[in-house]
Amino acid sequence: TYMADGNYRPDLFVPSNYAWGEMLKAKGFKVTTLAERIAGNTAGILMEKKTNDEFLSKYGEVTVDKVLTASLAGDLTFAYTNPYTSSTGLNILTAMLKSFDPSDPLSETASEKLLEYQRQSPPVAYTTSVLRDQAGKGIIKAMVMEEQAYHNTPELKNYVYTPAGIRHDHPAYTFDYVSEEKQAAAGLFTEFC
């Protein structure tokens, strides 16, 4: 939002996933991709082990579509993060919309189904750390999280991680408004990473 509004013009931009770069392109930014992957990671669905076992026995596998089906049926409470502040939230929200209408994730049908889902889901958490804290206390049994965050959170050792959505490979971008000298420096920094 800061970039699209013209209030922030970085020389180099390294978001968690490429969706942010695509949104900037859609806003008219001339984006140059310096690297498609600086650090590999995935987003996914994290479930408490017992919840995961029960889910698998009833739904067969953990997918965004089946998590939504289980949530709408009242079999699972699934928490996710704010897509404006969380790359994982944006990723999973996009996967949810695609699940609701595979042919047109931005359709009225997808929007209506998302609103229906949100009426019975827990409030959207501002960040992953909020979800992690609630899960650590046993409040949340199913949520979104990046794989690295999961592995680095010992209090979630009784949870099972399943990748979902697009990869979080930390692409590196620069822009046409950046001087050639700074673009070269951004390229060297990206190569170093």
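Figured I'd write up the structure that's included with this text. Computed from a prediction, not measured in an experiment: that's the story for all the values here.

**Some points on the overall build of the protein**
When helices and strands are counted, the protein shows eight helices and five strands. Across its three principal directions, the C-alpha atoms of the protein cover 55 × 40 × 25 Å. Taking all contacts inside the protein whose residues are at least 6 apart in sequence as the whole, residues at least 24 apart take part in 70%. Placing the 18 positive and 24 negative side-chain charges of the protein at their respective mean positions leaves the two points 5 Å apart.

**Thoughts on the nonpolar core**
One finds Phe78, Met96 and Met143 to be the most contacted residues of the largest nonpolar core, which totals 36 residues. Broken down by secondary-structure element, the contributors of at least two residues to this core are strand E2 (42-48), helix H2 (49-59), helix H3 (64-72), helix H4 (87-100), helix H5 (108-120), helix H6 (128-136), strand E3 (142-146) and strand E4 (159-167). Broken down by element, this core gets its largest block of residues, six residues, from H4. Contacts of Phe78, omitting those with residues within four sequence positions, involve Ile45, Val67, Ser71, Ile92, Tyr117, Ser121, Pro122, Ala142, Met143 and Val144. Counting residues in hydrophobic clusters, the runner-up holds eleven residues, among them Phe13, Trp20, Leu24 and Leu90.

**Let's talk about the packing of H4 against H5**
Two packed helices can be described by the angle between their axes and the distance between those axes. Where H4 contacts H5, the axes come no closer than 8 Å and their chain directions differ by 115 degrees. For the element pair H4 and H5, the recorded crossing hand is right-handed. Here Leu93, Met96, Leu97 and Phe100 of H4 come into contact with H5, specifically with Thr109, Ala110, Ser111, Lys113, Leu114 and Tyr117.

**Some thoughts on the side chain of Ser86**
With respect to the secondary-structure elements, Ser86 resides in the loop between H3 and H4. Residue Ser86 is classed as buried on the basis of its relative accessible area of 6%. Polar side-chain contacts of Ser86 include one of 2.9 Å to the backbone nitrogen of Gly89. Sequence-distant contacts of Ser86, defined by excluding residues within four places in its chain, comprise Trp20, Thr81 and Thr128.

**Notes on the side chain of Glu146**
You can see Glu146 is positioned in strand E3. Since its relative accessible area comes to 16%, Glu146 is described here as buried. Among the polar contacts made by the side chain of Glu146, one reaches the side chain of His168 at a distance of 2.4 Å. Beyond its immediate sequence surroundings of up to four residues, Glu146 is in contact with Ser16, Asn41, Thr42, Ala43, Thr88, Tyr161 and His168.

What counts as what
Residues numbered from 1 in each chain as written. Predicted model: local features only at pLDDT ≥ 70, side-chain atom pairs only at ≥ 80, totals over all residues. Heavy atoms only, no water. Helix = DSSP H or I, 4+ residues; strand = E, 2+ residues; numbered from the N terminus. Contact = heavy atoms within 4.5 Å. Lys, Arg positive; Asp, Glu negative; His and termini not counted. Charge placed at Lys NZ, Arg CZ, Asp CG, Glu CD. Core = buried A, V, L, I, M, F, W, Y, C linked by side-chain atoms within 4.5 Å. Buried < 20%, exposed > 50% of the residue type's maximum accessible area, 1.4 Å probe, protein only. Axes fitted to C-alpha atoms, helices over the stretch in contact; angles between N-to-C directions. Left-handed = near helix turned anticlockwise from the far one by under 90°. Polar contact = N/O pair within 3.5 Å; in protein donor to acceptor, adjacent residues only side chain to side chain.

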